[in-house]
Amino acid sequence: MMQPVTPLVPSQAGVTAGTAADASPWLLRPCQDTAQQARELALELADRLRAAIDARGQALLAVSGGKSPLALFAELRRQELAWDRVTVLLADERCVPDGHPDSNGTLVREQLLQECAAAARWQPFFTTLPSQPSSDWSEAELDCLADSANQQLAALPWPLDLLVLGMGEDAHTASLFPAAPGLARALESEQRVAWVRPATAPHARLTLTLPTLLAARAIYLPLSGERKRAVFDQACRAASAEAPISLVLHRALQPVQVWLAP
Ligand SMILES: O=C(O)[C@H](O)[C@@H](O)[C@H](O)[C@H](O)COP(=O)(O)O
């Protein structure tokens, strides 16, 4: 049985209003464990997708990679809905070939786009890459790849109907990594996609830009563990590019739904 949703506004987050004056509230949903978080969140996301399809005939869903979403993907792919009306893309993608163990696209196709969700339309950021590893690419080559991705994604029915974000322990989200080359542009760009080359994680990445993330009709941030809870609590205190997740929490057009498991 889910505990009631407790709207958590900055004043309740142990922060003073002055440090979060521009903050928009976020909704905190406590979960008993990660299994319940995945099960209940999958039901809610499926309802959101059905509502978007009912309202607009289609739904645009962006999901994150990493390890945390695997249980959610296993629950979500079993949900019965008009998946052929859903376009799935990534919040961010590592610049590695399809099939590479670090490819988010491969992860999503293998873990989410199965069973009922196999009927969904998959929208990759890129289909071909330069042969050498992205660590050797010039900024001009990264610009070219981002331009190509923006052309690929231009015709999608923006804004996102549903965005599922993750968060690293350095407060990155999507591939908006603190202090990374490319971050400043990714935070401001009017484009849908920008490149970021984090020093603290492998591969250059393409990421949805912050304005694109903020404009989503619904944003979910499932988190688990004490370390990520501490990072989240700190991010509640103020919006800062040093903690990109805080920019989403404080500036999203709709309150971010934060689902917290122990
Ligand atoms: O490409 C990625 O890695 C993700 O999009 C990234 O933003 C992820 O959500 C966080 O790094 C958390 O990853 P975990 O779920 O593995 O902790």
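Structure shown above.
Residues numbered from 1 in each chain as written. Predicted model: local features only at pLDDT ≥ 70, side-chain atom pairs only at ≥ 80, totals over all residues. Heavy atoms only, no water.

Q: Could you clarify how one ought to interpret the site of the ligand in this entry?
A: Near the ligand there are 15 residues, and of these Ser68, Asp92, His172, Ala174 and Lys228 occur at the shortest range. At 3.4 Å, a backbone N or O of Gly65 approaches an oxygen atom of the ligand. Lys228 places a side-chain nitrogen or oxygen 2.7 Å from an oxygen atom of the ligand. Of all the cavities here, the one that holds the ligand is the largest pocket. Of the residues in the shell around the ligand, the class split is two nonpolar, eight polar and five charged. (Near = heavy atom within 4 Å. Polar contact = N/O pair within 3.5 Å; in protein donor to acceptor, adjacent residues only side chain to side chain. 1 Å grid on protein atoms, 1.4 Å probe; cavity = no way out; pocket = protein on both sides within 12 Å on 5 of 7 lines; lining within 4 Å. Sits in = over half its atoms within 2 Å of the grid points. Nonpolar A, V, L, I, M, F, W, Y, C, P; charged D, E, K, R; others polar.)

Q: Help me out: how do you make sense of the pattern of salt bridges in this one?
A: Any two side chains of opposite charge can pair, so long as their charged atoms come close to each other. Under the definition given, this model contains 10 salt bridges. Here Glu44 and Arg29 are joined by a salt bridge, their closest N and O atoms 3.8 Å apart. Residue Glu44 is located in helix H1 (residues 34–56), and its partner Arg29 is located in strand S2 (residues 26–30); the two are separated by 15 residues in the primary sequence. A salt bridge links Asp98 to Arg109, with the shortest nitrogen-to-oxygen separation between them at 2.9 Å. With a gap of 11 residues between them, Asp98 in the loop between strand S5 (92–94) and helix H3 (104–111) and Arg109 in helix H3 connect regions that are remote in the sequence. Residues joined in a network through salt bridges with shared partners are Arg56, Asp161 and Arg217. (Salt bridge = Lys/Arg side-chain N within 4 Å of Asp/Glu carboxyl O. Helix = DSSP H or I, 4+ residues; strand = E, 2+ residues; numbered from the N terminus.)

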